[in-house]
Each structure stands twice: as C-alpha cells, then as structure tokens.
2 protein chains.
Amino acid sequence: MAVQAQILKGTRDFLPERMILRQYVTGKLRDVFENFGFEPLDTPAIEYAEVLEGKYGDEADKLIYKFEDRGGRRIGLRYDLTVPLARVIGTHPDLARPFKRYQIAPVWRAEKPQKGRYREFWQCDVDTVGSASSLADAEVVCVAYDALRRLGFRHFKTKINSRKMLAAIAEYIGLSPDQAPAVYRAIDKLDKIGIDGVKEELAECGLNSPLISRLLDLLQVRGDADVVLAQLRTKLADSAMGAQGVDELDEVVRYLRWLGVSESNFEVDFSMVRGLDYYTGPIFETVVEEPKIGSICGGGRYDGLVGLFTNRPTPATGISLGLERIVDVLEELHLGGVPEMKTVTYALVTVFSQDTVGESLRAASELRAADIHTEVFLGKDKLGNQLRYASRKGIPFTIILGPDEIATGKAIVKNIATEEQVTIERAELVDWVLSKHEVLK
Amino acid sequence: MAVQAQILKGTRDFLPERMILRQYVTGKLRDVFENFGFEPLDTPAIEYAEVLEGKYGDEADKLIYKFEDRGGRRIGLRYDLTVPLARVIGTHPDLARPFKRYQIAPVWRAEKPQKGRYREFWQCDVDTVGSASSLADAEVVCVAYDALRRLGFRHFKTKINSRKMLAAIAEYIGLSPDQAPAVYRAIDKLDKIGIDGVKEELAECGLNSPLISRLLDLLQVRGDADVVLAQLRTKLADSAMGAQGVDELDEVVRYLRWLGVSESNFEVDFSMVRGLDYYTGPIFETVVEEPKIGSICGGGRYDGLVGLFTNRPTPATGISLGLERIVDVLEELHLGGVPEMKTVTYALVTVFSQDTVGESLRAASELRAADIHTEVFLGKDKLGNQLRYASRKGIPFTIILGPDEIATGKAIVKNIATEEQVTIERAELVDWVLSKHEVLK
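Please read these numbers as outputs of a predicted model, since none were measured by experiment. The residue numbers shown here count from 1 along each chain, following its written sequence. All chains are assigned letters beginning at A, and all ligands numbers beginning at 1, according to the order in which they are written. Per-residue local features are limited, in this predicted model, to residues with pLDDT of at least 70; the limit for side-chain atom pairs, both in listing and counting, is 80 or more; totals at the level of whole chains, interfaces and linings are taken over all residues. The side-chain quantities take in all heavy atoms of the structure and omit both hydrogens and water.

## A few points about the overall build of chain A
Convention followed: Numbering of helices and strands runs from the N terminus, with a helix taken as a DSSP run of H or I at least four residues long and a strand as a DSSP run of E at least two residues long. In this description, contact between two residues means that some pair of their heavy atoms is separated by no more than 4.5 Å. Computed with the Shrake-Rupley method and a 1.4 Å probe, the accessible areas treat only the protein chains shown as cover for residues. Just so you know, the count uses Lys and Arg for positive and Asp and Glu for negative, and it drops His and the chain ends. Every charge is mapped onto a representative atom, which is NZ of Lys, CZ of Arg, CG of Asp or CD of Glu.
Along its length, chain A carries 17 helices and 16 strands. A principal-axis box enclosing the C-alpha atoms of chain A has dimensions of 90 × 55 × 45 Å. Looking at chain A alone, contacts between residues at least 24 apart form 69% of all its contacts between residues at least 6 apart. Total accessible area on chain A is roughly 18,000 Å²; 48% of this is exposed by carbon and sulfur atoms. Taking the average place of the 57 positive charges on the side chains of chain A and the average place of its 66 negative ones, the gap between the two points comes to 3 Å.

## Overview of the relation of the copies chain B and chain A
This is how it is decided: Alignment of the copies relies on least squares applied to C-alpha atoms, considering only residues that score at least 70 for pLDDT in both.
Overlaying chain B on chain A yields an RMSD of 0.1 Å, the required transformation being a rotation through 180 degrees with an accompanying axial translation of 0.0 Å. Interpreted geometrically, this transformation is the action of a two-fold axis. Among all residues of chain B, the one whose C-alpha sits closest to the rotation axis is B:Phe67, at a distance of 3.0 Å. Mapped onto chain A, 99% of the interface residues of chain B are again interface residues, and the two copies thus contact each other with one and the same surface.

## Description of the sheet that holds strand β4 (residues 74–77) of chain B
All names here are of chain B. Stated formally: Between any two strands, at least two bridges found by DSSP are needed for them to pair. Note on geometry: axes are C-alpha line fits, over the in-contact stretch for helices, and angles between N-to-C directions span 0 to 180 degrees.
Sheet architecture is open: three strands sit in the order β2-β4-β3, paired in antiparallel fashion. The strands lining the two open edges of the sheet, one partner per strand, are β2 (46–48) and β3 (66–68). Mean inter-strand twist for the sheet, computed between neighbouring axes without regard to direction, equals 35 degrees. One ladder, built from three bridges, connects β2 with β4; its direction is antiparallel. Each bridged residue has a counterpart across the sheet, and for Ile46 the counterpart in β4 is Leu77.

## With respect to the packing of helix α1 (residues 16–35) of chain B against helix α13 (residues 323–333) of chain B
Residues and elements named next belong to chain B. In plain terms, the rule: Oblique is the label for every angle not falling under 35 degrees (roughly parallel), over 145 degrees (roughly antiparallel), or within 65 to 115 degrees (roughly perpendicular). A clockwise turn of the near helix away from the far one marks a right-handed crossing, whereas an anticlockwise turn of less than a right angle marks a left-handed crossing. Three residue categories are used. Nonpolar comprises Ala, Val, Leu, Ile, Met, Phe, Trp, Tyr, Cys and Pro, charged comprises Asp, Glu, Lys and Arg, and polar comprises the others, including Gly.
Across the interface, α1 lies against α13 with an axial gap of 10 Å and an inter-helix angle of 115 degrees. Between α1 and α13, the angle is such that the two are roughly perpendicular. Seen along the crossing, α1 lies across α13 with a hand that is right-handed. When α1 is examined against α13, the residues Arg18, Leu21, Arg22, Val25 and Thr26 are found in contact with a partner set consisting of Leu323, Glu324, Ile326, Val327, Asp328, Leu330 and Glu331. Partitioned by chemical class, the residues of the contact of α1 with α13 number six nonpolar, one polar and five charged.

## Details of the environment of B:Ala370
Residues and elements named next belong to chain B. For Ala370, the position within the fold is in the loop between α14 (357–369) and β13 (374–376). Each C-alpha atom, one on Ala370 and one on Gly197, is 63 Å from the other, the two residues being 173 residues apart in sequence. Leave out the neighbours within four places in its chain, and Ala370 touches Val430 and Leu434.

## Things to note about the state of the cysteines
The test is simple: Disulfide assignment relies on a single distance test, namely cysteine sulfur atoms paired within 2.5 Å.
Following the criterion strictly, the structure yields zero disulfides over all chains and no others. Free cysteine A:Cys142: the closest other cysteine sulfur is in A:Cys297, separated by 12 Å.

## Thoughts on the packing of helix α5 (residues 134–150) of chain A against helix α11 (residues 240–258) of chain A
Residues and elements named next belong to chain A. Put simply, α5 and α11 touch, their axes get as near as 8 Å, and they point 50 degrees apart. The angle between α5 and α11 falls in the class oblique. You can see that α5 and α11 cross each other, and the crossing is right-handed. Across from Ser134, Leu135, Asp137, Ala138, Val141 and Cys142 in α5, the residues of α11 making contact are Glu248, Glu251, Val252, Tyr255 and Leu256. Looking at side-chain class alone, the contact of α5 with α11 contains seven nonpolar, one polar and three charged residues.

## Describing α13(B)
In an α-helix there are 3.6 residues to a turn, and that puts residues three or four apart on one side. In plain terms, the rule: Buried means the residue's accessible area, taken with a 1.4 Å probe over protein chains only, is under 20% of the maximum for its type, while exposed means over 50%, and partly exposed covers the values in between.
Turning to α13(B), its buried residues are B:Leu323, B:Glu324, B:Ile326, B:Val327, B:Val329 and B:Leu330. Summarising the contacts, the buried residues of α13(B) are in contact with α1, β6 (120–129), α5 (134–150), β10 (294–301) and β11 (316–322) of chain B.

## Brief notes about the domain arrangement of chain A
This is how the line gets drawn: As used throughout, domain bounds are those supplied by an automatic or database domain assignment.
With domains assigned, chain A is organised as domain 1 (7–155 + 289–341), domain 2 (159–282) and domain 3 (347–437). The C-alpha centroid of domain 3 of chain A is placed 63 Å from the C-alpha centroid of domain 2 of chain A.

## Things to note about the sheet that holds strand β1 (residues 39–40) of chain A
Neighbouring strands of a sheet are bound in pairs by backbone hydrogen bonds; such pairs are parallel or else antiparallel. All names here are of chain A. Strands sit in the order β1-β5-β6-β11-β10-β9-β7-β8 across an open sheet of eight strands; the sheet is mixed. Taken across any chain shown, the strands that pair with only one partner, and hence form the sheet edges, are β1 and β8 (266–268). Bridge count between strand β10 (residues 294–301) and strand β11 (residues 316–322): five bridges; the pairing is antiparallel. Bridged to Arg301 within β11 is Thr317.

## Let's talk about the interface of chain B and chain A
We count it as follows: Summed over both partners, the accessible area (1.4 Å probe) lost when two parts come together is defined as the buried area. By salt bridge we mean one thing: a side-chain nitrogen of Lys or Arg within 4 Å of a carboxyl oxygen of Asp or Glu. Pairs of N or O atoms within 3.5 Å make up the polar contacts considered here, provided that, within protein, one atom can donate a hydrogen while the other can accept it, and that residues adjacent in sequence are counted only when both atoms are side-chain atoms.
Counting from both sides, the interface comprises 100 residues of chain B and, opposite them, 99 residues of chain A. Summed over both sides, the interface of chain B with chain A buries roughly 8,800 Å², with 59% coming from carbon and sulfur. Three residues stand out in chain B for area buried against chain A, namely B:Leu8, B:Trp258 and B:Leu378, and they jointly supply 9% of the buried area on that side. If you look at where chain B meets chain A, you find eight salt bridges. Residue B:Arg150 pairs with A:Asp371 through a salt bridge whose shortest N-O separation is 2.9 Å. Scanning the region where chain B abuts chain A turns up 36 residue pairs in polar contact (both at pLDDT 80 or more). Among the elements that make up the side of chain B that touches chain A, the one with the highest residue count is α1(B) (eight residues). Tallied by class, residues from the side of chain B that touches chain A come to 48 nonpolar, 22 polar and 30 charged.

## Description of the packing of aromatic side chains
What counts is decided by this rule: Only Phe, Tyr and Trp rings are paired, with Trp represented by its six-membered ring, and only when their centres lie within 6.5 Å; those with planes under 30 degrees apart are stacked, over 60 edge-to-face, the remainder tilted. Consider the ring centre and the ring normal. A charge sits over the ring if Lys NZ or Arg CZ is within 6 Å of that centre and within 35 degrees of that normal.
Counting across every chain of the model gives 21 aromatic pairs over all chains. Centre to centre, the rings of B:Phe33 and B:Tyr102 are 5.5 Å apart; their planes meet at 55 degrees, and the pair counts as tilted. Pair noted here: B:Phe33 is in helix α1 and B:Tyr102 is in strand β5 (residues 99–108), with a separation of 69 residues, a long-range link. Of the two residues, B:Phe33 and B:Tyr102, neither departs from the other in class, the shared state being buried. In this structure an aromatic cluster arises from ring pairing among A:Tyr56, A:Tyr79, A:Tyr278, A:Tyr279 and A:Tyr302. Positioned above the aromatic ring of A:Phe14, the side-chain terminus of A:Arg22 is 3.6 Å from the ring centre. The side chain of A:Lys100 reaches across the aromatic face of A:Phe38, ending 4.6 Å from its centre.

Below, the structure written as structure tokens:
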C-alpha cells in the first residue's frame, strides 16, 4: 500500500520555479549584506532547549519546537537566528569584535498555520555584536533599505522607535512597570485595530481616560524626525532614560542621512513596539506601503541578550528580513529586474535514435563546457514529444542532430518561444547559442 | 546566572572563514548541477515520521530523529534528501517528467558523534525521477565527475556496480534470498577489514569455504570495464536479472565515455555494495585516492522508492555529494583556485572623530555603490586600534580620512598586508580601490 505523500501543514515544498526566485532574492540579499562587511555564519538547526528558552517572552516560548532525544537531552529547533547568534558569541569568546555577521536560514515555530504564517520559514538576518554605537543601529537599517531598493521596492518606510523612550513615556504618564508589557501589546495593535480599539484595550489594562489620552497624544506625534524628537526631548527632560533614548534616536537619524537613506523611507513612530522581550534600545520595523502588505522586516538593539551567554555585558543590534513576504510580493508585483524564469536550462539537445545519441552527448558536453546549461532528452520519444517537453519546461533553445545533420556537419536550432528554426554549421553551435545566451541573461 | 553556551555534540557552528569556503563550494556545485539542467528544489526539514520510516533499512531507521508535536503528530527530521524527493513527487503529481532536481541542504541523524560523523550535516544531491534510461544514471555520475574536477580534485575514481548483478551473483552461487543482506554487508567491508576479514564474516553468515571462494573470485574481477563485463556476461548467462544488470552497466559505461568522463576516473567494482535498502539498479561510489580520504559521494538507481508515494512505478536515479568531506579536503589541500579569504570585506573606512564621521560614511557609501565590500569602523578607538582590527580580520585596504585629508580633498589608503600607504585624491578613491579590487578577485 502506498504511503500518503503528506506534507505537514505550515511547511512547504519549493518547486523549481519558486526556488529560482528565492535563490535570486537570497543572492541579492547576500550581495548587500557582504557589501556592508557582514560575514556569513551558519549555526545548527538543533540547539539545547535551555539555550532557546526564556529569551523571547512567554507567548513566543510556547511556540518553540522541543523534544527529548534518545540520550535524554532536551532539544529545541531554533525559533529565530538571534538567540543562536548570542549562543555562538558565548561558545567562541575569541571572535574579533565587533562581530558583524549575516545568516540566511530556516527557523521553526509550532504555530497554528494560516495564510502567510508558517511552521518552517526563512529569516535573513544581519547583526552587529560588540558595538554600542548608534552607527551600528543605523547601519542595519541602511542594509535593509539597500536590500529592498535593490529588489525593486520603492514605497516602504522604516519606523524607528526606542524601548528606552517607551519606558520613559510609561514612567512619565505614571504607569507601573508591570502594566507596561500589556500596554505595549495594546499599542502595537494600532495599525490593526485602530485608535478606538487601542483605547478599549488600554482601558482593559486599567488605565483611566485621562491617562489614555495623554499616552496616545504622546505616541501619535508625527512629522519631521527632528521636530518630533525635539518635542519629546522637552517632555521627557526629567527622565535620564528618556533623554538617552532621544539622544540615541537623534544619532540614528543623523547617521541614516549621512548613509544616504532617503528621508521618505524612514520616520520616527512611537506607536511601533515590536513583540520580542529582548530589545533594549532603538527598534525598527519596515512596512511596505505599496502594495499594502505590512511589515517586511524588523529588529532592534538587544544589549542584554548576549551577556546571558558570556557573563559580561555585550551590546548588540540587528535586523531580520522575512524571505517569505519578500518573495510573495516580488511574485505578485513582477517588480523591475526580477527574472521570470521557469527553468535554469537554456538548451535541450534532442536524441534522434540510439545510433546518434553519442553525437547528442558530445554536443551537450561542448555546450556545458561553455557554461550553457544543457539538458539531453532522456528517453526514446519521438521528436515531437521532445520538443513539447522543452516547451512545457520553458527551455528556450532546442537542438536537433539527426542523421542528415550529422552527415553534413550541420545542426538545427529551434527557438521554442518564436518557433523559428535555423540550420547552422555544427562547428558553430556553441558560438551561436552563446550569442543568443547573452541576450537571455 | 549565565546560560551555558553549549552546542550539541555532532553539530557545528560555521564561523565566517569556514562559511566563505563552504559557500564557495556550494556555489561551484550549483553551477555544475544547473549546467546539466538540474533544477533547484527545497523541502521542509520536518516531515511526517511515517514518510521517512521503513525506507532506509532497520539500522538507518533507528537514526531518524523523531518526536511528537503538541498536536500529537509524529514528526521526523529528514534523514536524507532522497526520501523527501520521493514524497514531493507524490505530493505534486503534475510535475513534468523526467523531473531533474538538485537540493543542497542539511540532514539529521541521531548518531553517536565521532570524527567526521555528525548529527547535522549537509548533502548535495542530484536526482532524475521518471527516466529508466541508463543515460540518467551516467549523467549523475558525470555531474559528480565535473563537480569534483571543478573543485580541483584529480585522483578520484567512481566505482560502479549494480544491485541486479549482485542479486544474480548471489543466486548464481546458490545463496538464499535471506542470506543476501548479511553477505552484502560483509562484502561492503572489503576496503576496511581486508579479504581475510570478509572471509571470516562470510563464514559467520553460514557460507562454506568453496562458496566463499567462488563468491570472492567473482567479486574481485578487476580491469578494463569491457573485459570485466564480458566475463560476467558469460558467467551470468542463465540469469535474466544478471543479463539485464550487465546490459545496464554496459550502457552506463558507454554513455560515460561519450560524456567525456576520463577512463582513469571510473571502474566497475563488484565488491562495492552501498548501505541503503532502496537501491535497485546501478550503484555508484566515488572514492578520493589522493589524499586517501575514502568515499566522497555515492548513489544509485532506486526504481521502487518513488512508487511508494505515487502508487505507480516511477524509476529514479541520483547521486549525493557530502559537503563536509569536500570542504575538509579542500581546506587541507589548498587545491588550486580555492580562495583563501578570511573575510568578505575589502575595505575598512576608519573614523577619525565624531566631527568627521559623516565624511567616512559618505566614502563608505560611494565604495559600496561600486560593490566594494566596505566596513566603517564602529566605535571611538584610536587609529592604531582601528588598523589593528583590519589587520586581525584580514581586510586588505584601510582608508583614512582625517581633518587634513578632508580639508585638502585627499584620502590615505593603506594596504594592510604590505603596510604601503599612499595619499590619493579623494575624488579618485573608488576608482583607485576598484583597480586593486580586480587584482584581489
């Protein structure tokens, strides 16, 4: 009896056409990450469970896949790429600092699968460990900016806020520390549930009406980054933490301008909170505005996390781009420059008969020696079927070497899309395809 | 208290220097795989356990990582890339056939870790599903050949055998079918335990001395592929399966020659068995002879496996290259063409003071716009420390933009390796580094 060819919900096969696009995107991201001097790193998918636990917050912790191996070890599948990075710093204390790395890899979450939410998905992270400078924060924002622009995105905005300022604001309006997390979560929903929804949730947190109004007035300050920050500087003048938060954001904004990030692509937004527990300073979230697909990347400073593994304070900051959303959007938009390739193959060499297969194989080897991706038809089908296979797969060129062509030193090349067919000298086959190949690239 | 930064035994962090080499290797492999028209595919790391179980043989099955998720589903981490491929064919019945794909991805095995044996390691597989042609077998052998040659390997040999011939040989000498698996396992150890060791194990299998001699005489036939096959053709003339096995290997050898695989890089070897249960036809194993590191890739035809998921017979064949061994060997040998790069970064722009950081950032942005991988020093260290950081990381060029240089429109570029230092026009910075950059590539 057959085994059911079932795939777990929330996980996916990436078939060739989709994989070609994913590899295009990860290739571009790698280029940009390395362009800023971030080095590649890879870590295991499986970690000791205790490495992962207690870092993300209670809600997230429940979503870590965990199991016991046959040796009784408690194992977890990595939930993100940030905590494993922190563990790496602890495991390899001699790494030169600042340590700038990128990692493009899958993570696992025991989620209830739904549209756009997966149990296995890929993250593309850049992080700098060992630098407290706001330049490190600005740099990762700039990396995301460059990456999105190179992928053809234009209408996106990186919202910038600071956990320090959120804490200062909470203090300023008189919230107790244990009210803060629920309040942050409520604020975080502004985009989803609107201002009235947030007011309701804040009331449920035990805030009275005047308090809610004061809070929302503060959070909804908008406009030029300098003006917004100046306003908050005055209001939070009494709070050391608030002043520090304003200073840091001020620096981040200045560095972004020097790095050439366009003013239209970032804004200070105090209502942006980010979910994870480990953030301590500036936080970022990039939202694509056209088409309206929401958050496509996020991150922030987490100065406390790495120290858990190293026993000494180690500042760190980073940003994570979600590969899935980027690929979804590119596929939908057909943004400029994204190749629409169904196959990696450029040429199919057909096989006329068992007597001529040697000639077909030799031709294929010549084409491959010139790096022209070439398939030889496998099987004994009639020529018509072989051409249909090429057409179905979207292979641009088909090469026919029948007994007549072989006898006269010729080759027939057929362009599948235009149905044009030309007879050329067999000796010129590679050069002929190469001349067309350039056009295809 | 700090969390122990422990990594599971048998898993590894790949730090940048090692990752740069791994990415170089996987890049080359991708090039070769696509050159033969194999398309990229990715599948989830987590599969239903029953998809994986019962396919590899009892010994291997014990090494599958399995656990129950919170929904009571039995989950397994993929053990190889072949069974997931078979499942993909079942899940997506409309895929055009033959379906030629490659996958470069980690697999997991609950092994006792030891030197060269890991719990998480990467496989690089090419497979063709839906073709019974021996050309498909020859093609995957040729892919491995091309890949190893492009990576600088010269002294390696692909041993070729056939499960059909092994079965015919077993029948010929009068083995009962249930003796065969233990006999195969004994034969497989020839390289490790020598001829006397194998004789001992075969005796333990219940074979008497004359039987053992007949078997070993058959298996140890060596020499020119045509001669060897002709010999076996005569001996196995009475067995339909034997004759088919000889014919298939005969074809594989002919195709390999047409594809340009050097005679010195393959041989027919009846003592090569391969461990996995699912093989049904030709089998392959490539051994690197210099340095003597043993098996670096293996595979074969598995005409029964895919049908388990599709309910209809589906021939398939493929080969798997072990990334870990390839990288180990390349690192040891410094084979020609392998880059010895410690970092992806070409240039470090130093920061003289907070007053000049804007100039440094602008220079970095210009360099990056020309795809010159550039870091800006993060922090307020003295210039000496900044230069030492570049030196430690192996960054070739350091750029100094102090107040004097800025005032006079100059820049200082220092070559870390040679300690040479030149002052150039600031306006020519990008062109200057680009001219050196070409040399570095």
